[in-house]
Amino acid sequence: MILFELEFLRPERLWALAIIPMIAALYLVLAGRTATHRPGSARLRLVIPKDALWKRHGAVLLALLSLASLIVAWAMPKDYVNVPRDRATVVVVVDVSWSMEATDVEPNRLRAAQESAKQFVVSLPERFNVALVAFAGTARVAVPPTIDRSAVTRSIDALEMAPSTATGEGIYASLEALKLVPPNPDDPEDVPPAAIVLLADGATNIGRNSGEAAEQAGEQGVPIYTIAYGTQNGWVESNGERQRVAVDHYELSEIAKRSGGKKFSAETASELREIYDAIRSDIGYEKVPTEVTDRYAGLAIIFAIGAALGVISLGARWP
């Protein structure tokens, strides 16, 4: 059960909240009858300070808020907090098609992508397995899942460009790479979560459909974080002529959507590094339910103190 975007371990106890409007209604009825029927009430109003009325109402309101907070605490509310993952597998997929030679990002798209990808890999938690997949007209698993960061970074440096773009093949190769994840020696049956980080700049022009590949990844619970890298003004030289190589945002958006991942865009190397930081934060943590009863018990105490001060101020003579 959710109340104000909260979940509760004992939601059946929230029925007690119905008591609060009943008490409030009873107070309003009694306060109205007292003011109307008390003998000499008109003369008393001339003697009692005008601010006493709002103090009395305020004290009652704070008391009701305190009671409501106690009831919410009694229902054992829970919230979700980010906890660092102990194990996971990340497949870094890099487009090495000829369009990555464009120099709209210095020194060119591929070199800038290589540097950012290396920084991303070494920043991941030590127990995370990392795999590397490269694709152009075909796709290959350059490095199977491993915790050896130096092997991955060396392979990133060794990437070379090739013709055509088979984004779907890159995704299918990534799913195959995930089958090679070494078992957890402490718990061989445990399957760590996995994610694919795909950096590309162009539209698929060969191979299997990337949307269908993304759907298969989603069915396996593997989100794809796509990064559309480059500007709309990028170009490469082919046969002595300039050929425009604009980034295809739509396809990468569809891949992220169908897989349950997220789509990012970067036009500079610094933006790419920021995106990798955001992805690392997303992959490196998991949301874990945590009981937050003490949070609402604390609110109840604060409201109760306010109500007590309000009552004291009604009967005290302040200097």
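Refer to the structure above for everything that follows.
The structure displayed is predicted, hence computed values, not measured ones. (Residues numbered from 1 in each chain as written. Predicted model: local features only at pLDDT ≥ 70, side-chain atom pairs only at ≥ 80, totals over all residues. Heavy atoms only, no water.)

J.: Account for the environment of alanine 195, with residues named and values stated.
T.: Positionally, alanine 195 belongs in strand β7 (residues 194-200). For alanine 195, a relative accessible area of 4% translates into the label buried. Considered as a pair, alanine 195 and valine 90 are 105 residues apart in the sequence and their alpha carbons are 5.1 Å apart. In contact with alanine 195, not counting residues within four places along its chain, are Thr89, Val90, Val91, Val222, Pro223, Tyr225 and Ile283. (Helix = DSSP H or I, 4+ residues; strand = E, 2+ residues; numbered from the N terminus. Buried < 20%, exposed > 50% of the residue type's maximum accessible area, 1.4 Å probe, protein only. Contact = heavy atoms within 4.5 Å.)

J.: Help me get a handle on the packing of helix α4 (residues 109-123) against helix α9 (residues 269-284), residues and values and all.
T.: Between α4 and α9, the shortest axis-to-axis distance is 10 Å and the interhelical angle comes to 25°. The angle between α4 and α9 falls in the class roughly parallel. Taken as a pair, α4 and α9 cross one another with a handedness that is right-handed. Here Ala112, Ala113, Ser116, Ala117, Gln119, Phe120 and Ser123 of α4 lie close against α9, whose contacting residues are Ala269, Leu272, Arg273, Tyr276, Ile279 and Arg280. A breakdown of the residues in the contact of α4 with α9 according to their chemical character gives 8 nonpolar, 3 polar and 2 charged. (Axes fitted to C-alpha atoms, helices over the stretch in contact; angles between N-to-C directions. Parallel < 35°, antiparallel > 145°, perpendicular 65-115°, else oblique. Left-handed = near helix turned anticlockwise from the far one by under 90°. Nonpolar A, V, L, I, M, F, W, Y, C, P; charged D, E, K, R; others polar.)

J.: I'd like a description of the side chain of serine 210, backed by residues and values.
T.: Position of serine 210 among the secondary structure elements: in helix α7 (residues 210-219). Serine 210 gets classed as buried once you look at its relative accessible area, which sits at 7%. Discounting chain neighbours no more than four positions away, the residues touching serine 210 are Thr167, Gly168, Ile171, Thr204, Glu251 and Ile255.

J.: Mind laying out the sheet that holds strand β11 (residues 263-266), listing which residues take part and the relevant values?
T.: Taken in spatial order, the 6 strands line up as β6-β5-β4-β7-β8-β11 in an open sheet, and their pairing is mixed. Because the sheet does not close on itself, it has two edges, and the strands there are β6 (139-146) and β11. Strand-to-strand twist across the sheet, computed as the mean angle between neighbouring axes with direction ignored, equals 15°. Two elements, strand β4 (residues 89-95) and strand β5 (residues 129-135), share 7 bridges in a ladder whose sense is parallel. Directly across from valine 93, in β5, lies its bridge partner valine 133. (Pairing = 2+ DSSP bridges.)

J.: Could you give an account of the pairing of strand β8 (residues 224-229), with specific residues and numbers?
T.: In terms of burial, β8 is a largely internal element, 6 of the 6 residues being buried. Neither face of β8 is left uncovered, since the one carrying Ile224, Thr226 and Ala228 and the one carrying Tyr225, Ile227 and Tyr229 both have all their residues buried. Where β7 meets β8, 5 bridges bridge the pair, whose relative direction is parallel. Opposite leucine 198, over in β8, you have threonine 226 as the bridge partner. A crossover connection joins β7 to the parallel β8 through α7; in handedness this β-α-β unit is right-handed. With 4 bridges connecting them, β8 and β11 associate as parallel partners. (Right-handed = clockwise from strand over helix to strand, strands pointing away.)

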